[in-house]
Amino acid sequence: MGNFDAFEQGFASPNGNGRLPNGHGSPKERLSVEPERKFSAPAYTEIRTRRCNAKAAAESKQASSSSYHPEKKAHMNGHASATREQGSSTKPNQAEGKLSPEKEHYQKTSFEEVPMHTACLTYLGFYLLMILGYINQLLFVPKVATEKDREGYVALYDAFESFYSRYVYRRIKDCWNRPICSVPGDELTLKDRVTDDYGWSFKFTGTETRCLNLGSYNYLGFAAATGRCADESEERARDSGLAYCSSRCELGNNAQLDELEKLTARYFGVEDAIVFGMGFATNALNLPSLLGPNCMVVSDEKNHASIILGLRLSGATIKVFKHNNMRDLERVLRDGICQGNAKNGGKPWSKVMIIVEGIFSMEGSIVRLPEVVALKKKYKAYLYLDEAHSVGAMGSHGRGVTDYYKVDPKDVDILMGTFTKSFGSAGGYLAGSKKLIDFLRTNSHAHCYAGSISPPIAQQILTSMKTIMGEDGTETGRNKIMQLARNTRYFRRRLAQLGVITYGHEDSPVVPMLVYLFSKIGAVVRTLTTRHIAVVGAGFPATPIMEGRIRFCLSAAHTKEQLDYALEVIDETADDLGLKYSRKPRDPNPIEY
Amino acid sequence: MFQKLAEDYEKLKRYVKWLYVLYELNTQIAICEPWEKVFCHVLLGSCLSLLLYASYAFVPGYCLTLIKLLWPASDVLSHAHPCNINSDVVCGNESDAFLT
């Protein structure tokens, strides 16, 4: 394989930072760029006013027991080798089952109400931004935003969407789609960029910032450039190449993918499984092959865009129930079944399906699976469970919410999930009965027409899955699951103690911190970047207008020192930017790790 | 002594700065371009000053009208009032002059 020579060189050069060898700029070039330039950009205008003086900084340094800082530490390249010894107090990520599922849900899940004045300010601010945006669009359109030779054409893009992204979202555009140049493990390297025209265009400064990574869905810490997963994937790339360039139905099938499907089925304890090369397409293209126009779908209001797209493509009647509200689910189900298909003269539906997610990625809440399963059995509906975020992250064996609630996986008709998050790879799967999977193998568009999974990517899934199952003969997988459960509980409790509003279930590793205002999303992301923490903000349209939020994603690769550092910085930032909205009583005792 | 004062001054300065940052964040001015910042400040400032001026200029008059409306028979208030001569003007009765 001659064309692998360049590739091989890239792998051979020992670059500790995980920086690509062809990454631009020799050291000399990088030195010539003055370092101040990076901090002159709006993205780096630090908003610290109260504790910014040297004295406070010294105090805070003394207060922190550890001296962790992303810049200081020798880079481990994201590999979670430092998984600690388990203390006796560690308990796995699992429903306790002492109370009824409903009571336990209410005890552990929190959706605190927004303070009235913040709600008003958020709406008013949004109107102000829209008005300013329209004025801008009327009067000042920069050169980068005008198209040439388009006279007489109708607008190709949706008018409101392009207006929103140009004149509202652009103001804090530097907080999204930030380029990185390392493996997104527990730490990552951000490529610094500056904008001279308020977000219309960006320029690279040539500098880099090492950040603690609280933004990747790397729940079990398998995203690493070194270690067993990486080695075996590399090995596989060398002997099987990078792609089969054909779909599974034609030449793309191979023994490795068959093994992967068998392993996936075994992992979830079901009869069979089918894998796809793309997680989004798993939902968007398989739902139409399962559902038709005479079907009714009861879908949670916070379901992911891929599910919504799939349902719309299928042409089924979609009924939405309130987020995680079992009473509303039952009402919608009962009404739908009683009334039948109105478009077909009230005749009964051919299929009724409930679609829920395991962990809702924006809310950080966990589906109330035992109750959903009970309702599904009562009304004889099918259950489609999207475990994109929960697989690997939930349950004492990392098998997702079925494992968490100790529900028989065969009670869930269709288990869907992705390999993108916990397994540190790419793709998606559907698991269920043999009959279902055979049906999908013949009917699914994602199976027939899409290219098969690339061998190194499939190898990453295989190795990480075997590690989680403990089939590699080590305790690594189990330790990682424990570490994640421990990190999650610690981080969530500490955040609650700080007084910020977080949403969701206390065992979910997705932790949304509510900041509400549009400007505060930007301010928090920028401030945390200057303090070497990388986080992800989410605002309208991904969330309701009201509920701008910062989403922390925890990982098994994080250590206590890293979390403590992050919490300390978040505490200061929350003080400075006024994020401590919570009116709940705070726990005065120190939180045990 | 002087040092303590200087420290307090610094503290106050930081506190005011912090309040200003919160004001900018809460009104979304923080993420605006410079001309928009000026525009928003002027807009908010003029709204506020209009409100203040209006409450200074009209609220006392309206209050007196309200009192007269509620207790039309009682002249106690108008007699006790030191500037009852001007009360007609304050109450906005000057428009009668234009009508006649």
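The rules behind these values
Residues numbered from 1 in each chain as written. Chains lettered and ligands numbered in written order. Predicted model: local features only at pLDDT ≥ 70, side-chain atom pairs only at ≥ 80, totals over all residues. Contact = placed C-beta atoms within 7 Å. Nonpolar A, V, L, I, M, F, W, Y, C, P; charged D, E, K, R; others polar. Pairing = 2+ DSSP bridges. Helix = DSSP H or I, 4+ residues; strand = E, 2+ residues; numbered from the N terminus. Axes fitted to C-alpha atoms, helices over the stretch in contact; angles between N-to-C directions. UniProt positions renumbered as here; feature names shortened; annotations may be inferred. Buried ≥ 20, exposed ≤ 12 C-beta atoms within 10 Å, placed from the backbone.

Participant: Let's hear about the interface of chain B and chain A: which residues, and what values?
Facilitator: Of the residues lining the interface, 14 residues belong to chain B; the matching set on chain A comes to 20 residues. A breakdown of the residues in the side of chain B that touches chain A according to their chemical character gives 7 nonpolar, 3 polar and 4 charged.

Participant: Account for the sheet that holds strand S12 (residues 510–516) of chain A, with residues named and values stated.
Facilitator: All names here are of chain A. On the basis of which strands lie adjacent, the open sheet formed by 3 strands has the order S12-S15-S14 and antiparallel pairing. Every interior strand has two partners, whereas the edge strands, S12 and strand S14 (536–538), have only one. On average, adjacent strands in this sheet sit at an angle of 30 degrees to one another, irrespective of strand direction. As judged from the 3 bridges shared by S14 and strand S15 (residues 548–553), these two strands associate in the antiparallel manner.

Participant: Got a sec to walk through the UniProt feature "transmembrane region" (unreviewed entry) in chain B? Specific residues and values, please.
Facilitator: Summarizing the sequence annotation, UniProt attributes the feature "transmembrane region" (unreviewed entry) to residues 38–59 of chain B in the numbering used throughout. As annotated, residues 38–59 of chain B comprises 95% helix and 0% strand, and the C-alpha atoms at either end are separated by 30 Å.

Participant: Tell me about the UniProt feature "domain: Aminotransferase class I/classII large" (unreviewed entry) in chain A, and please be specific about residues and values.
Facilitator: Under the present numbering, the feature "domain: Aminotransferase class I/classII large" (unreviewed entry) in UniProt falls on residues 210–570 of chain A. With 43% helix and 17% strand, the stretch residues 210–570 of chain A has end C-alpha atoms that lie 17 Å from each other.

Participant: Tell me about the sheet that holds strand S13 (residues 533–534) of chain A, and please be specific about residues and values.
Facilitator: Residue and element names in this part refer to chain A. Here 3 strands make up an open sheet; going across it, the order is S2-S3-S13 and the pairing mixed. Two strands close off the open sheet at either side, each with one partner strand: strand S2 (187–194) and S13. Direction of pairing for S2 relative to strand S3 (residues 203–213): antiparallel, over a ladder of 7 bridges. Each bridged residue has a counterpart across the sheet, and for Lys 191 the counterpart in S3 is Glu 208.

Participant: Explain unusual backbone geometry to me, using residue names and the numbers behind them.
Facilitator: Residue and element names in this part refer to chain A. A cis amide bond, omega 5 degrees, links Phe 540 with the succeeding residue Pro 541. With respect to the helices and strands, Pro 541 occurs in the loop between S14 and S15. Within the chain, Lys 406 stands out as a residue other than glycine whose phi angle is a positive 55 degrees. Residue placement: Lys 406 occurs in the loop between helix H14 (401–405) and strand S9 (414–418). Here Lys 406 falls in the partly exposed class, since 13 other C-beta atoms lie within 10 Å of it.

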